[in-house]
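Observations on chain architecture
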Amino acid sequence: VQLQASGGGLVQAGGSLRLSCAASGRTFSSYVMGWFRQAPGKEREFVAAIKWSGGSTYYADSVKGRFTISRDNAKNTVYLQMNSLKPEDTAVYYCAGRTGNYIYTRRNEYDYWGQGTQVTVSS
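Everything numeric in this text was worked out from a predicted model, so none of it was measured.

Overview of the side chain of arginine 37
Within the secondary structure, arginine 37 is located in strand 4 (residues 31-38). Arginine 37 sits in the buried class, given a relative accessible area of 6%. Side-chain polar atoms of arginine 37 contact the side chain of glutamate 45, separated by 2.6 Å. Side chain to side chain, arginine 37 and serine 62 meet in a polar contact 3.5 Å long. In this view, arginine 37 contacts Glu43, Arg44, Glu45, Val47, Ser62, Val63, Phe67, Glu88, Asp89, Ala91, Val92 and Tyr93; residues no more than four positions away in its chain are not counted.

If you want it as structure tokens, here you go:
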């Protein structure tokens, strides 16, 4: 199972970015996918998660109302649309996946990880 994250970059505060995470190597019909982020000197934290079936989603309070997680099962791809970005959103963003039918929010609950993509928000 391989996860490939992309779409990071440099953006001004208030701007938007869309991250993508392409999954390959296995059928993801029963996978839960998540996004985490890690800022310099901080622990990796949960951002959002989505079930592959049903589309149930869950967000960290810090991004609720600004970020949207979605998926395209035909493309085995998960997206994270990030709007109204703030400097405190600056971090390396990682996508993660696991089998299951719940929303998982802890780092150690995920089995597969992408390589990370840098998001930098300037003030």
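Now that the structure has been shown, the text picks up again.
Here's the deal with the pattern of salt bridges
Tallying each qualifying case throughout the model produces four salt bridges. Among the ionic pairs, glutamate 45 bridges to arginine 37, the shortest N-O distance being 2.6 Å. Overall, glutamate 45 belongs to the partly exposed group, its relative accessible area being 36%. Lysine 64 is the salt-bridge partner of aspartate 61, the closest N and O atoms lying 3.0 Å from each other.

Considering the pairing of strand 4
Taken across its eight residues, strand 4 has seven buried, putting it largely inside the fold. Bridging between strand 4 and strand 9 (residues 91-99) involves eight bridges; their strand directions are antiparallel. By the bridge assignment for strand 9, glycine 34 is matched with alanine 96. Alignment of strand 4 against strand 5 (residues 45-51), held across six bridges, turns out to be antiparallel. From the neighbouring strand, tryptophan 35 faces strand 5, where its bridge partner is alanine 48.

The rules behind the values
- Residues numbered from 1 in each chain as written.
- Predicted model: local features only at pLDDT ≥ 70, side-chain atom pairs only at ≥ 80, totals over all residues.
- Heavy atoms only, no water.
- Helix = DSSP H or I, 4+ residues; strand = E, 2+ residues; numbered from the N terminus.
- Buried < 20%, exposed > 50% of the residue type's maximum accessible area, 1.4 Å probe, protein only.
- Polar contact = N/O pair within 3.5 Å; in protein donor to acceptor, adjacent residues only side chain to side chain.
- Contact = heavy atoms within 4.5 Å.
- Salt bridge = Lys/Arg side-chain N within 4 Å of Asp/Glu carboxyl O.
- Pairing = 2+ DSSP bridges.

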